[in-house]
Amino acid sequence: MALSKAPAVSRVSVDEGSAGQRIDNFLVRICKGVPKSHVYRILRSGEVRVNSRRVDQTYRLQEGDEVRIPPIRLAEKAEVAVPVGKPFDIVYEDEALLVLDKPAGLAVHGGSGVSFGVIEQLRRQRPEAKFLELVHRLDRETSGLLIVAKKRSALTVLHDMMREGRVQKRYLTLVAGRWLNLQQHVKLPLYKYLTEDGERRVSVNPEGKPAHSIVRLLKRWQSCSLVEVELKTGRTHQIRVHLSHLGFPLFGDDKYGDFALNKRLDKAGLKRMFLHAAKLAFRHPLTDQPIELAAGLPAELEAYVVAVEQAEEREYG
């Protein structure tokens, strides 16, 4: 529901998509552009009513509740026209969730200088959908499997599963150098910080949060290695920082990679980061049935692997 820019009382009927959500989080979502501090103030003051009664910030909405929202003046913001775009490749879908194969170069959501992403386009493509929310995130340049919830009940359970490590995520990446071990556990704490330019970065630092990756060797050549990385934790830029720290930067990584190498790779035809979310395994959030999904390497990455094999064959026989 879009709120009027002019101050006026709004009454919102809670549908299935919002049932179960806390009132404070609901208001933050509905009242886009309103500071959280103001949302909590109108809750404390009793200006927000649910079914004509005062509620505190922990109240969980039920389907059919009527929420009274007091007059709030919102700053005028230019509307961003979200293009419909090409339909996404849907790998799995039922009434509770869907899993799509995200293309590289597209953010999962708008923000931080990006006007729109996967979730905004998906909502544009499916105007009849009452509820579509990201379960997790992928970096803009990473391709592969991305879970979207179609029900709040599924979203809540999937978030718990993600937090508890009950969703198995495996990625494919091509790294510089010869990875030797068939399987290696990497346990290095990761610390988030901002650069002088305000960009988000991550480094291995004892003051950081625990992070655990399992790296499995798939193919090895003289110049590079194709590995599968299983995430046991889901820290920001975890694969990129873990492998770069060990001396195996990802091909095409513009933040933590080998920049001189990346220029040569670009000329050779690899014009993106080689990182692909290839496999997901989890139990269905509502039925508890096992789900195992896979997405093969995109054509441009598959073609580059073939080119590497051919080049190595020519040079080393």
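Before any of the text, the structure's been laid out above.
Residues numbered from 1 in each chain as written. Predicted model: local features only at pLDDT ≥ 70, side-chain atom pairs only at ≥ 80, totals over all residues. Heavy atoms only, no water.

**Brief notes about the layout of surface pockets**
As a volume, the second largest pocket reaches approximately 260 Å³. Taken together, 15 residues line the second largest pocket, and the ones lying closest to its centre are Ser223, Tyr304, Val308, Ala311 and Glu312. Per-class residue counts for the lining of the second largest pocket are 11 nonpolar, one polar and three charged. (1 Å grid on protein atoms, 1.4 Å probe; cavity = no way out; pocket = protein on both sides within 12 Å on 5 of 7 lines; lining within 4 Å. Points joined across faces, edges and corners; volume = space filled by probe spheres on them. Nonpolar A, V, L, I, M, F, W, Y, C, P; charged D, E, K, R; others polar.)

**Things to note about the pattern of salt bridges**
Side-chain pairs of opposite charge can arise whenever the charged atoms involved come near each other. Considering all chains together, one arrives at 21 salt bridges under this definition. Among the ionic pairs, Glu47 bridges to Arg41, the shortest N-O distance being 3.7 Å. Judged by relative accessible area, Glu47 falls into the partly exposed class, the value being 31%. The exposure class of Arg41 is partly exposed, given its relative accessible area of 40%. Beyond isolated ion pairs, a larger network of salt bridges with shared partners links Arg170, Arg216, Glu228, Glu230, Lys232 and Lys279. (Salt bridge = Lys/Arg side-chain N within 4 Å of Asp/Glu carboxyl O. Buried < 20%, exposed > 50% of the residue type's maximum accessible area, 1.4 Å probe, protein only.)

**Quick look at the packing of helix H1 (residues 23-30) against helix H2 (residues 36-44)**
Packing of H1 against H2 leaves a shortest axis separation of 10 Å and a crossing angle of 130°. Compared by their axis directions, H1 and H2 come out oblique. When you trace H1 past H2, the crossing you get is right-handed. The segment H1 lies against H2, with Ile23, Asp24, Leu27 and Val28 engaging Lys36, Val39, Tyr40 and Leu43. (Axes fitted to C-alpha atoms, helices over the stretch in contact; angles between N-to-C directions. Helix = DSSP H or I, 4+ residues; strand = E, 2+ residues; numbered from the N terminus. Parallel < 35°, antiparallel > 145°, perpendicular 65-115°, else oblique. Left-handed = near helix turned anticlockwise from the far one by under 90°. Contact = heavy atoms within 4.5 Å.)

**Regarding a positive patch on the surface**
A cluster of basic side chains, namely Lys192, Arg200, Lys209 and Arg235, defines a positive patch on the protein surface. As for its placement among the helices and strands, Arg235 is situated in the loop between strand E14 (224-231) and helix H5 (238-245). Taking relative accessible area as the criterion, Arg235 reaches 32% and is therefore assigned partly exposed. (Patch = residues over 30% accessible without salt bridge, like charges linked within 9 Å, V, L, I, M, F, W, Y side chains within 5 Å. Areas by Shrake-Rupley, 256 points an atom, 1.4 Å probe, with all protein chains shown as cover. Lys, Arg positive; Asp, Glu negative; His and termini not counted. Charge placed at Lys NZ, Arg CZ, Asp CG, Glu CD.)

**Things to note about the environment of Ile90**
Among the structural elements, Ile90 can be located in strand E5 (residues 89-93). For Ile90, a relative accessible area of 29% puts it in the partly exposed group. Each C-alpha atom, one on Ile90 and one on Asn25, is 29 Å from the other, the two residues being 65 residues apart in sequence. In this structure Ile90 touches Leu98, Val99, Leu100 and Arg126, once residues within four positions along its chain are discounted.

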